[in-house]
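# Notes for the structure review
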Amino acid sequence: MYLTKEEEKVYDGEYGWANQVAMKILVRLGDLFAATKLIPIKSAHISGVSYKTLGDAPIDFLEALANAGAKAQVPSTLNPSSLDFDYLAKNFPKEYRTQQLSITSFYEKMGVKPVFTCTPYYISKPQPDSHLAWAESSASVYANSVLESWTNREGGPSALAAALIGKTPNYGVHQAENRQADVQVKVEDEPRNQMEFGALGIHVGKLLKNKIPVFEGLPNYTDDCLKQLGAGLASSGMSTMFRYKEPYAERRLETVSIEKNEIENTVESLSTRWETPDLIFIGCPHCSLNEVRNVAQALEGKKVKEDTKLWVCTSRYVKGKAEKHVKIIEKAGGHVLCDTCAVVTWINKLGIDAVMTNSAKTAYYAPTLNKVNVRLAPLNQCVNTAGG
Ligand code: F3S
């Protein structure tokens, strides 16, 4: 990979150890994927924040970087952490809180904003055609597909390295020729709600692996539905993006048809138990303002049952904008959590072993990552179950 004279100096350590480490990560990645050079990025979004998923091992490395003067060169944000300090933190051992606070403090020292959300695009929307380095698969697929920005699906370390250098290697979907659809996906019966869009994503992700689909047959999509579609696609497969606006591809593409029963079967296969849930979880990926409003409307006049928890997860930014909806949800006995989600905190340590959700992504991961049973259902059914 070609490096400018200045980049070579960084590589050789003339700008300190932290910058050298970051540059070496980027060059290694670039060489692996046959990139020809580094290109400037507008922002970075970094995963690897939750103490639950990260563990102790990388904390020393983050501390060393922060103490060596590492500084983000572009606006950089953090994915959800393991704790909501207003509501959840008191339920866990002090050690968890201390370790989570340490992780956060090292990122902050490096100039990374602790927004703790997987939907950073609600806080600041990147420009179309801008190059980014975003980790968090649901956010990078949304950025490429809906916002028309350009980012590979970064891992935590490569997103952090890109933040510290302000650049990323020019491979993958940073190149226009790699953003073309590979497969035309004809959806015979349009999904009826966000949950079904997510299930469609899971099903197509399994079928196509890392190929880029162009969907045909989704005339009534909303951005919230597309968010679920991308989150599902990125969970079961490695696609970096999907297309949905131009069903008539210029070249002849391999075509697959998706029948209604395939979506229904996916919903069923993602549900591991159909008994009473301990937790109803809405907000994977973190809710938009519109989604918080939908929960509040569906919950109005209801009371969450004594033995059930209702969590609505979003960013502090969206929660701030949704004050009157938050009041309705909290008056009904639900909780609007920020900075975390049911997957990246220790729900099984709270005595939760059955979760009901409208998120296909959570249904896909929670049985393995959280050792809980899951029931996947549309939003209204989730809220009705919570509110008895
Ligand atoms: Fe976000 Fe947690 Fe889902 S980080 S995408 S709400 S698993």
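In this report, we go over the structure that sits alongside the text. Everything numeric in this text was worked out from a predicted model, so none of it was measured. Sequence positions are assigned chain by chain, starting from 1 and proceeding in written order. Per-residue local features of the predicted model are confined to residues with pLDDT of at least 70, and side-chain atom pairs are confined, for both listing and counting, to 80 or more; whole-chain, interface and lining totals are unaffected and use all residues. Water and hydrogen atoms play no part in the side-chain values, which are based on all heavy atoms of the structure.

This brings us to the overall build of the protein chain. Secondary structure elements are taken from DSSP: a helix is a run of H or I of four residues or more, a strand is a run of E of two residues or more, and numbering for both begins at the N terminus. Check the secondary structure of the protein chain and you find 15 helices and 14 strands. For this measure, only C-alpha atoms enter the radius of gyration; the expected value for a globule follows 2.2 Å times N^0.38, where N is the number of residues. Relative to the compact-globule value of 21 Å for 388 residues, the protein chain shows a C-alpha radius of gyration of 21 Å, a close match. With the C-alpha coordinates of the protein chain rotated into their principal frame, the extents come out at 65 × 60 × 35 Å. Residue exposure (1.4 Å probe, protein chains only): buried if accessible area is under 20% of the type maximum, exposed if over 50%, otherwise partly exposed. Of all 388 residues assigned to the protein chain, the portion counted as buried reaches 57%. Only the protein chains shown count as cover for residues, with accessible areas throughout obtained via the Shrake-Rupley method and a probe of 1.4 Å. If you sum the accessible surface of the protein chain, you get close to 16,600 Å²; carbon and sulfur atoms cover 49% of it.

All right, on to the site of the ligand then. What makes a residue near a molecule or strand is one non-hydrogen atom of that residue sitting within 4 Å of it. In the region of the ligand, the neighbouring residues are Pro80, Cys118, Glu136, Ser138, Gly283, Cys284, Pro285, Cys341, Val343 and Lys361. Grid points spaced at 1 Å over the protein atoms alone were grouped into cavities, where a 1.4 Å probe fits but cannot get out, and pockets, open sets with protein on both sides within 12 Å along at least five of seven lines, with lining residues defined by an atom within 4 Å of a point. In this scheme, a molecule is assigned to a cavity or pocket if more than half of its atoms are within 2 Å of the grid points. Taken atom by atom, the bulk of the ligand overlaps the largest pocket. Following the grouping adopted for this structure description, the nonpolar residues are Ala, Val, Leu, Ile, Met, Phe, Trp, Tyr, Cys and Pro, the charged ones are Asp, Glu, Lys and Arg, and the polar ones are all others, Gly among them. A class-by-class count of the residues in the shell around the ligand yields 6 nonpolar, 2 polar and 2 charged.

Strand pairing requires that DSSP identify at least two bridges connecting the strands. Overall, parallel pairing links the 3 strands, which are arranged β8-β7-β9 in an open sheet. The sheet is open, and its two borders are formed by β8 (213-216) and β9 (254-258), each paired with just one other strand. Going across the sheet, the axis of each strand differs from the next one's by a mean of 25°, ignoring polarity. Inspection of the sheet shows strand β7 (residues 183-187) paired to β9 by 5 bridges, in the parallel sense. When the sheet's bridge partners are listed, Val185 is paired in β9 with Val256. Helix axes are fitted to C-alpha atoms over the stretch in contact, other axes to C-alpha atoms as well, and angles between N-to-C directions run from 0 to 180 degrees.

Patch building starts from residues that exceed 30% relative accessible area and form no salt bridge, then joins like charges within 9 Å and nonpolar side chains (Val, Leu, Ile, Met, Phe, Trp, Tyr) within 5 Å. Criterion for a salt bridge: a side-chain nitrogen of Lys or Arg within 4 Å of a carboxyl oxygen of Asp or Glu. When charges are counted, Lys and Arg are positive and Asp and Glu negative, with His and the chain ends excluded. A charged residue contributes its charge at one atom only: NZ of Lys, CZ of Arg, CG of Asp or CD of Glu. A cluster of like negative charges, contributed by Glu188, Asp189, Glu259, Glu264 and Glu268, occupies part of the molecular surface. Considering the arrangement of structural elements, one finds Glu188 in the loop between β7 and α8 (194-208).

Quick look at the environment of Val267 now. Here Val267 shows up in helix α10 (residues 260-269). For the pair formed by Val267 and His203, sequence separation is 64 residues and the distance between their alpha carbons is 9.4 Å. In this view, Val267 contacts Met195, Ala199 and Leu376; residues no more than four positions away in its chain are not counted. Throughout, a contact is declared for two residues whenever any of their heavy atoms are within 4.5 Å.

What follows is about the nonpolar core. Residues belong to a common nonpolar core when they are buried Ala, Val, Leu, Ile, Met, Phe, Trp, Tyr or Cys residues joined through side-chain atoms within 4.5 Å. By size, the foremost hydrophobic cluster in this structure holds 93 residues, and its most contacted members are Tyr107, Met110, Leu200, Phe215, Phe242, Phe281 and Trp311. Excluding anything up to four places from it in sequence, Phe281 contacts Trp311, Cys313, Cys341, Ala342, Val355, Met356, Thr357, Asn358 and Thr362. Of all hydrophobic cores here, the second largest spans 23 residues; its members include Ile282, Ala298, Val326 and Met356.

A separate point is the layout of surface pockets. Of the voids in this model, the largest pocket is the one considered here, and its volume is about 450 Å³. If you go around the largest pocket, you meet 22 residues; those closest to its centre are Asn79, Glu136, Val343, Val344 and Lys361. Only α3 (51-54), α6 (137-145) and α14 (360-369) provide two or more residues apiece to the lining of the largest pocket. When residues of the lining of the largest pocket are assigned to their parent elements, the largest contribution, 3 residues, is made by α14. Of the residues contributing to the lining of the largest pocket, the split by class is 12 nonpolar, 7 polar and 3 charged. Grid points are joined across faces, edges and corners, and a volume is the space filled by probe spheres set on the points.

Our focus in this paragraph is the side chain of Ser81. Its place among the elements puts Ser81 in the loop between β3 (76-78) and α5 (94-109). Overall, Ser81 belongs to the buried group, its relative accessible area being 2%. The contacts of Ser81, once residues within four sequence positions are left out, are Val49, Ser50, Gln100, Phe116, Asp339, Thr340 and Val344.

With 4 bridges joining them, strand β13 (residues 354-357) and strand β14 (residues 373-376) adopt parallel strand pairing. Along β14, the bridge assignment pairs Ala354 with Asn373. In the classification by handedness, the crossover that spans β13, the intervening α14 and the parallel β14 is right-handed. Call a crossover right-handed when, viewed with both strands pointing away from you, the route from the first strand across the helix to the second goes clockwise.

If you walk through the whole model with that rule in mind, you get 9 salt bridges. Where Glu7 meets Lys167, a salt bridge forms, and the shortest distance between an N and an O atom there is 2.7 Å. One end of the pair, Glu7, is in helix α1 (residues 5-11); the other, Lys167, is in strand β6 (residues 167-169), and 160 residues separate them in sequence. For Glu136, the salt bridge goes to Lys361, with nearest N and O atoms at 3.1 Å. Here Glu136 is found in the loop between β4 (132-135) and α6, whereas its partner Lys361 is found in helix α14, with 225 residues between them in sequence. On the basis of relative accessible area, Glu136 is assigned to the buried category, the value being 13%. Using a relative accessible area of 14% as the deciding quantity, one classes Lys361 as buried. One salt-bridge network, in which partners are shared between bridges, spans Asp86, Arg316 and Asp339.

Further remarks concern α6. In terms of residue burial, α6 counts as a mostly covered element, since 9 of its 9 residues are buried. Of the residues making up α6, those classed as buried are Ser137, Ser138, Ala139, Ser140, Val141, Tyr142, Ala143, Asn144 and Ser145. Buried residues in α6 make contact with β4, β5 (153-154), α9 (223-236) and α14.

Below, the discussion takes up empty space enclosed by the protein. One simple way to see leftover space: roll a probe sized like a water molecule over the atoms. Taken as a whole and judged by the stated rule, the model has 1 cavity of 30 Å³ or more. Estimated volume of the largest cavity: approximately 50 Å³. Lining the largest cavity are Ala18, Val21, Ala22, Ile25, Phe61, Leu65, Pro157, Leu160, Ala161 and Leu164. Residue classes in the lining of the largest cavity are distributed as 10 nonpolar, no polar and no charged.

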